[in-house]
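Chain and residue survey
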Amino acid sequence: MPELPEVETIRRDLEKKIAGQKIKDIEILATKSVHNKSAEFLKVLVGNNFSHIERRGKLLMFALDKTGKFGFLLIHLKMTGQLIYRHKKQLLAGGHSQSAMDTNVPNKFTRVIFTFSDGSQLFFNDMRRFGYLKLVSTEEKEKIVKNNFGIEPLTPDYTFEAFEKLFKKRQTNVKALILNQKLISGIGNIYADEACFDAGILPFRKASTLTKAELEKLYHKIAHVLKLAIKNRGTTFNNYVDSDGRTGSHVNFLNVYGRDGEKCKHCKSIILKVKHAGRGTHYCSKCQK
DNA sequence: GTGTTTGTTATCAA
DNA sequence: CTTGATAACAAACA
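This section reports on the structure supplied with the text. (Residues numbered from 1 in each chain as written. Chains lettered and ligands numbered in written order. Predicted model: local features only at pLDDT ≥ 70, side-chain atom pairs only at ≥ 80, totals over all residues. Heavy atoms only, no water.)

Quick word on the protein's contact with DNA strand B
- Of all residues adjacent to DNA strand B, which total 17 residues, the nearest are H76, M79, Y257, K273 and R279.
- The sugar and phosphate moieties of DNA strand B supply 56% of its atoms located within 4 Å of the protein.
- For the surface near DNA strand B, the secondary structure elements donating two or more residues are β9 (272-276) and β10 (279-283).
- Classifying every residue of the surface near DNA strand B gives four nonpolar, six polar and seven charged. (Near = heavy atom within 4 Å. Helix = DSSP H or I, 4+ residues; strand = E, 2+ residues; numbered from the N terminus. Nonpolar A, V, L, I, M, F, W, Y, C, P; charged D, E, K, R; others polar.)

Written out as structure tokens, the structure reads:
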């Protein structure tokens, strides 16, 4: 479940590896994963290269060096998408694999393979096929960013004033609000639960009932947990690995997510888990009010 | 066979 | 128009 910290980790690492590298070949193993016609996808990308990689929320945007009809390749990993990069030497050493947790590539969940002119390869794996690759024009990319993404945490746009405004008249609950990408981008189920715990706020609270002090705490804790998770190179709970196929270590720092039945690290109460708005929601009834 | 997992969109209601 | 709530999708695993 890659969220902002995981996607940002991939973005930073991958940009160093592939920026400016010429794409020599592309193999589409699952046409469903590519939201363009295969022939057009290949025609635009083979011989081209990515100049840099941008990110908005959980969406990666690979900037094309040669722009024509298309300026960007959008890649969304959704729940089980992976982007794994291998040098030629690593490829020769590796074998085939059939397991989702085994990051030998290619494996049965490999959907697209990019081959660069130095022989290195980038594998898009996606067990559940929710993720996608899509070529868009620069105008289309800007429109998508504008229409679908709210305040981006860890940027100057993330001000307390803008954050507070989101909560003022909203009747929805805190968790649904911070999960809404159109309001704040990049937070998923793990960091929503973690941020609520860190701020001492129950995720079920009505947004408009939060006091200024609570809002300030939540505002700071969201930024804090995202930054810390990036430092730890993401949370590997099920499927996430970085562009080297390595797991992130932030799972060891989680306070509530996946810890139902275990003791709260702060007060020793048992962490509870309920289904809320169709999502698993973890919390401590003593630490969160 | 059943329940569980979640990012996002579709759909419907108010 | 906006807001909110819920179902649906996909696929593997315990």
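Focus: the protein's contact with DNA strand C
- What surrounds DNA strand C is the set F109, M127, R128, R129, F130, R170, Q171, T172 and R279.
- Each atom of DNA strand C within 4 Å of the protein was classed as base or backbone; sugar and phosphate made up 57%.
- Note that a phosphate oxygen of DNA strand C is positioned 3.0 Å from one of the side-chain N or O atoms of R129.
- Take R170: an N or O atom from its side chain is 3.0 Å from a phosphate oxygen of DNA strand C.
- In terms of residue class, the surface near DNA strand C is made up of three nonpolar, two polar and four charged. (Polar contact = N/O pair within 3.5 Å; in protein donor to acceptor, adjacent residues only side chain to side chain.)

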